[in-house]
Amino acid sequence: MRASLGAGQQNLADVAEFTAWLIATDQRRTGLADRLSAQFRGEVELAFRAWEATSPLTNPSAFTEKRTSHLRPTISLPQEASRSAC
């Protein structure tokens, strides 16, 4: 239960950080957006960079299932791995 709670909290933190980046980007506050993305934790940064390489803000087809399905396995939470090992 504790591992599940920790994974959920980490997931919420990741989403909050990405949302802050998205808002800063939308407001054209590039300095802030750069600082925020530099703080993404390892797994999120890898997925973010792969997603960003598809030019999602200017390329409508970047959001299709076929184009983004490879990103999902990139992110994993350490707490989830330890929970599944139990």
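Preceding block: the structure.
Residues numbered from 1 in each chain as written. Predicted model: local features only at pLDDT ≥ 70, side-chain atom pairs only at ≥ 80, totals over all residues. Heavy atoms only, no water.

Asks: Outline the overall build of the protein chain, listing residues and values.
Replies: In terms of regular secondary structure, the protein chain is built from five helices and zero strands. Mapped from its N terminus to its C terminus, the protein chain presents α and β elements in the order α-α-α-α-α. Looking at the 86 residues of the protein chain, the share that counts as buried comes to 23%. Counting contacts in the protein chain only where the partners sit at least 6 residues apart, residues at least 24 apart contribute 55% of the total. Carbon and sulfur atoms form 58% of the exposed surface of the protein chain, whose accessible area is close to 6,100 Å². (Helix = DSSP H or I, 4+ residues; strand = E, 2+ residues; numbered from the N terminus. Buried < 20%, exposed > 50% of the residue type's maximum accessible area, 1.4 Å probe, protein only. Contact = heavy atoms within 4.5 Å. Areas by Shrake-Rupley, 256 points an atom, 1.4 Å probe, with all protein chains shown as cover.)

Asks: Account for the nonpolar core, with residues named and values stated.
Replies: By size, the foremost hydrophobic cluster in this structure holds eight residues: Trp21, Ala24, Ala33, Leu36, Phe40, Val44, Phe48 and Trp51. Only α1 (2–26), α2 (30–38) and α3 (42–52) provide two or more residues apiece to this core. At three residues, the largest contribution of residues to this core is made by α3. (Core = buried A, V, L, I, M, F, W, Y, C linked by side-chain atoms within 4.5 Å.)

Asks: Kindly report on the pattern of salt bridges, identifying the contributing residues and their values.
Replies: One pass over the structure, following the stated rule, counts four salt bridges. Between Asp14 and Arg41 there is a salt bridge whose closest N-O contact spans 2.9 Å. Placement of Asp14 in helix α1 and of Arg41 in the loop between α2 and α3 is noted, with a sequence separation of 27 residues between them. The buried category is assigned to Arg41, whose relative accessible area is 16%. Between Glu45 and Arg49 there is a salt bridge, with the nearest N and O atoms lying 3.8 Å from each other. In this pair, Glu45 and Arg49 both sit in helix α3, four residues apart, roughly one turn of the helix. The exposure class of Arg49 is partly exposed, given its relative accessible area of 33%. (Salt bridge = Lys/Arg side-chain N within 4 Å of Asp/Glu carboxyl O.)

Asks: Lay out α2 in plain terms, naming residues and giving numbers.
Replies: Among the residues of α2, Ala33, Leu36 and Ser37 are the ones counted as buried. Axial view of α2: buried residues confined to an arc of 95°, hence all on one face. Facing away from the buried side of α2, by more than 90 degrees, are the exposed residues Asp34, Arg35 and Ala38. (Arc of directions from axis to C-beta.)

Asks: Give me the packing of aromatic side chains: which residues, what numbers.
Replies: Enumeration over the complete set of coordinates arrives at seven aromatic pairs. Ring centres of Phe18 and Trp51 lie 5.5 Å apart, and the angle between their planes is 75°; on these two criteria the pair is classed as edge-to-face. In this pair, Phe18 is assigned in helix α1 and Trp51 in helix α3, connecting sequence segments 33 residues apart. By relative accessible area, which is 28% here, Phe18 ends up partly exposed. Their ring planes at 80° and their centres at 5.9 Å tell us that Trp21 and Trp51 sit as a pair that is edge-to-face. A residue pair is termed long-range when its members are at least 10 positions apart, and Trp21 in helix α1 and Trp51 in helix α3 qualify at 30 residues. (Phe/Tyr/Trp six-rings, centres within 6.5 Å; stacked < 30°, edge-to-face > 60°.)

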